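The lines below spell out each chain.
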Amino acid sequence: MAKEPVRVLVTGAAGQIGYALVPMIARGVMLGTDQPVILHMLDIPPAAEALNGVKMELVDAAFPLLKGVVATTDAVEACTGVNIAVMVGGFPRKEGMERKDVMSKNVSIYKAQASALEQHAAPNCKVLVVANPANTNALILKEFAPSIPAKNITCLTRLDHNRALGQISEKLNVQVSDVKNVIIWGNHSSSQYPDVNHATVNTAAGEKPVRELVKDDAWLNGEFITTVQQRGAAIIKARKLSSALSAASSACDHIRDWVLGTPEGTWVSMGVYSDGSYNVPAGLIYSFPVTCRNGEWTIVQGTDAILYPMSFLSPIAFCF
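In this text, all values refer to a predicted model and were calculated from it rather than measured experimentally. (Residues numbered from 1 in each chain as written. Predicted model: local features only at pLDDT ≥ 70, side-chain atom pairs only at ≥ 80, totals over all residues. Heavy atoms only, no water.)

## Notes on the nonpolar core
Part 1 of the argument: Ranked by size, the top nonpolar core spans 69 residues in total, and within it Val-8, Leu-21, Met-30, Leu-39, Leu-58, Val-86 and Phe-288 carry the most contacts.
Part 2 of the argument: Considering each element in turn, this core owes the most residues, 7 residues, to helix α1 (residues 16-27).
Part 3 of the argument: Both domains that furnish three or more residues to this core are identified here as domain 1 (6-155) and domain 2 (157-312).
Part 4 of the argument: The contacts of Leu-39, once residues within four sequence positions are left out, are Val-8, Val-10, Val-22, Ile-25, Ala-26, Leu-58, Leu-66, Gly-68, Val-69 and Val-70.
Part 5 of the argument: Core analysis: the next-biggest nonpolar cluster, separate from the first, contains 25 residues, Leu-117, Ala-121, Cys-125 and Leu-141 among them. (Core = buried A, V, L, I, M, F, W, Y, C linked by side-chain atoms within 4.5 Å. Buried < 20%, exposed > 50% of the residue type's maximum accessible area, 1.4 Å probe, protein only. Helix = DSSP H or I, 4+ residues; strand = E, 2+ residues; numbered from the N terminus. Domains from an automatic or database assignment. Contact = heavy atoms within 4.5 Å.)

## Observations concerning the pairing of strand β14 (residues 296-299)
Part 1 of the argument: Of the two faces of β14, the one lined by Trp-297 and Ile-299 is fully buried and the one lined by Glu-296 and Thr-298 carries no buried residue.
Part 2 of the argument: As judged from the 4 bridges shared by strand β13 (residues 285-293) and β14, these two strands associate in the antiparallel manner. The partner of Cys-292 across the bridge, within β14, is Trp-297.
Part 3 of the argument: Hairpin connection, β13 to β14: the antiparallel pair is bridged by 2 residues, and Asn-294 has positive phi, about 55°. (Pairing = 2+ DSSP bridges.)

## Considering the packing of α1 against helix α2 (residues 48-61)
Any two packed helices are characterised by how steeply their axes cross, that is the angle between the axes, and by the distance between the axes.
Part 1 of the argument: Contact geometry for α1 and α2: axes closest at 11 Å, N-to-C directions at 30°. Judged by the angle between their axes, α1 and α2 are roughly parallel. Considering the relative orientation of α1 and α2, their crossing is right-handed. Contacts between α1 and α2 pair Tyr-19, Val-22, Pro-23 and Ala-26 from the former with Val-54, Glu-57 and Leu-58 from the latter. (Axes fitted to C-alpha atoms, helices over the stretch in contact; angles between N-to-C directions. Parallel < 35°, antiparallel > 145°, perpendicular 65-115°, else oblique. Left-handed = near helix turned anticlockwise from the far one by under 90°.)

## Observations concerning the environment of Val-210
Part 1 of the argument: Here Val-210 shows up in helix α7 (residues 210-214).
Part 2 of the argument: Once residues lying within four places of it in the same chain are set aside, the contact partners of Val-210 are Ile-168, Val-196, Ala-199, Thr-200, Val-201 and Leu-220.

## Some details on the sheet that holds strand β11 (residues 206-209)
Part 1 of the argument: If you walk across this open sheet you meet the 3 strands as β7-β10-β11, and the pairing is antiparallel. Of all the strands in the sheet, just β7 (179-180) and β11 have a single pairing partner and so form its edges.
Part 2 of the argument: The pairing of β7 with strand β10 (residues 200-203) spans 2 bridges and is classified as antiparallel. Paired with Lys-180 across the bridge in β10 is Thr-200.

## Some thoughts on the domain arrangement of the chain
Part 1 of the argument: Assigned domains of the chain: these are domain 1 (6-155) and domain 2 (157-312).
Part 2 of the argument: Centre-to-centre, using C-alpha coordinates, domain 1 lies 24 Å away from domain 2.
Part 3 of the argument: Taken together, the 27 residues of domain 1 in the interface contact 31 residues of domain 2.
Part 4 of the argument: Carbon and sulfur atoms supply 69% of the area that domain 1 and domain 2 bury against each other, a total of about 2300 Å² over both sides.
Part 5 of the argument: Put simply, domain 1 and domain 2 have 1 salt bridge between them.
Part 6 of the argument: Between Glu-296 and Lys-151 there is a salt bridge; the shortest N-O distance is 3.2 Å.
Part 7 of the argument: Within the residue set of the side of domain 1 that touches domain 2, elements represented by two or more residues are α1, β4 (84-87), β5 (126-129), α5 (134-144) and β6 (153-155). (Buried area = accessible area lost by both parts, 1.4 Å probe. Salt bridge = Lys/Arg side-chain N within 4 Å of Asp/Glu carboxyl O.)

## Overview of the packing of aromatic side chains
Part 1 of the argument: As enumerated under the stated definition, the model contains 5 aromatic pairs in all.
Part 2 of the argument: When the ring of Trp-185 is compared with that of Phe-288, the centres are 6.3 Å apart and the planes differ by 80°; the resulting orientation is edge-to-face. In this pair, Trp-185 sits in strand β8 (residues 183-185) while Phe-288 sits in strand β13, placing the two residues 103 residues apart along the sequence. Side by side, Trp-185 and Phe-288 carry an identical accessibility label, which is buried.
Part 3 of the argument: With a centroid separation of 4.9 Å and 50° between ring planes, the pair formed by Tyr-286 and Phe-288 is classed as tilted. With respect to class, Tyr-286 is no different from Phe-288; both count as buried.
Part 4 of the argument: Grouped by ring-pair contacts, the aromatic residues Trp-185, Tyr-278, Tyr-286 and Phe-288 constitute a single cluster.
Part 5 of the argument: One Lys or Arg, Lys-171, reaches over the ring of Trp-219 and ends 4.6 Å from the middle of that ring. (Phe/Tyr/Trp six-rings, centres within 6.5 Å; stacked < 30°, edge-to-face > 60°. Lys NZ or Arg CZ within 6 Å of the ring centre and 35° of its normal.)

## What to know about the UniProt feature "binding site: substrate" (unreviewed entry) in the chain
Part 1 of the argument: The positions UniProt marks with the feature "binding site: substrate" (unreviewed entry) are Arg-93, Arg-99, Asn-132 and Arg-163.
Part 2 of the argument: Structurally, Asn-132 can be placed in the loop between β5 and α5.
Part 3 of the argument: Of note is the side chain of Asn-132, whose polar atom sits 3.4 Å from the backbone nitrogen of Ala-134. (UniProt positions renumbered as here; feature names shortened; annotations may be inferred. Polar contact = N/O pair within 3.5 Å; in protein donor to acceptor, adjacent residues only side chain to side chain.)

## Things to note about the environment of Ala-145
Part 1 of the argument: Structurally, the position occupied by Ala-145 is in the loop between α5 and β6.
Part 2 of the argument: A sequence separation of 30 residues divides Ala-145 from Ser-115, and the C-alpha atoms of the two residues are 5.9 Å apart.
Part 3 of the argument: Once you skip the residues sitting within four places of it in the chain, Ala-145 turns out to touch Ala-114 and Glu-118.

## Digging into α1
Part 1 of the argument: Taken residue by residue, α1 has Ile-17, Gly-18, Ala-20, Leu-21, Val-22, Met-24, Ile-25 and Ala-26 as its buried positions.
Part 2 of the argument: Where the residues of α1 are buried, they touch β1 (6-11), β2 (37-42), α2, β3 (66-72), β4 and α11 (245-260).

Given below as structure tokens:
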């Protein structure tokens, strides 16, 4: 029996990340190759023509799983009935702007979108905030959508998680799929703490700790961390544009694992509403190691993160 379509909202859908993300969703990368979807795409009025162009391309691509497209500049229309919301749109930080200026702009954007989600989204809608400052924007959305359960509002640190996996796989010359259980603590920003102390690699002799295989603590405690922390800035320097393909792919990974579950024994990093675990103040949106099952995430307990520097407590994050 065919599944009912899932309605997926992408805000900022005419932008770089949105343009990379919507075909991934339509192809089944996010929710599985047997799950039909209806895409809801929202952008600002000046981007309406470009948004319509994205809709035309989706139609032209003839994705079998895509059962409908809503392309609009109206937040209420975009949010009506959605089961999953991927919040890519936000006000970007520009040269000469202070952080408080960016936050002020995003408060107004996220207040309106949070209200529309709270009033018109499907019950138990899952929300992923991608737009920077991701942790802060998620907290703003939660503030203005109090009826959405806190556990249903998350932000993207899977991009940093995947970057860490990629660095380890390149260092050891192994398949990235054989590396697991890195952790990103804190923010999607340069203040994050990439942690390999529980990471392992699947080898012919079984699972081995990353530290044992790398045999270079200076690299793991130095260059590895700074490379992951500053990867977004390095990509901007190389491309003259921020990360788009990798951000879109990571958003799919985040939602897929949240909805369909993580493999047994595998942790992933998600920015979630803190419950006080690891002495992180309750109420912050903060990246923890989690496992997912039956559409719910659970913070992994019992790691020794409390021993690490706690300089990554700030909820502010700005750069992909």
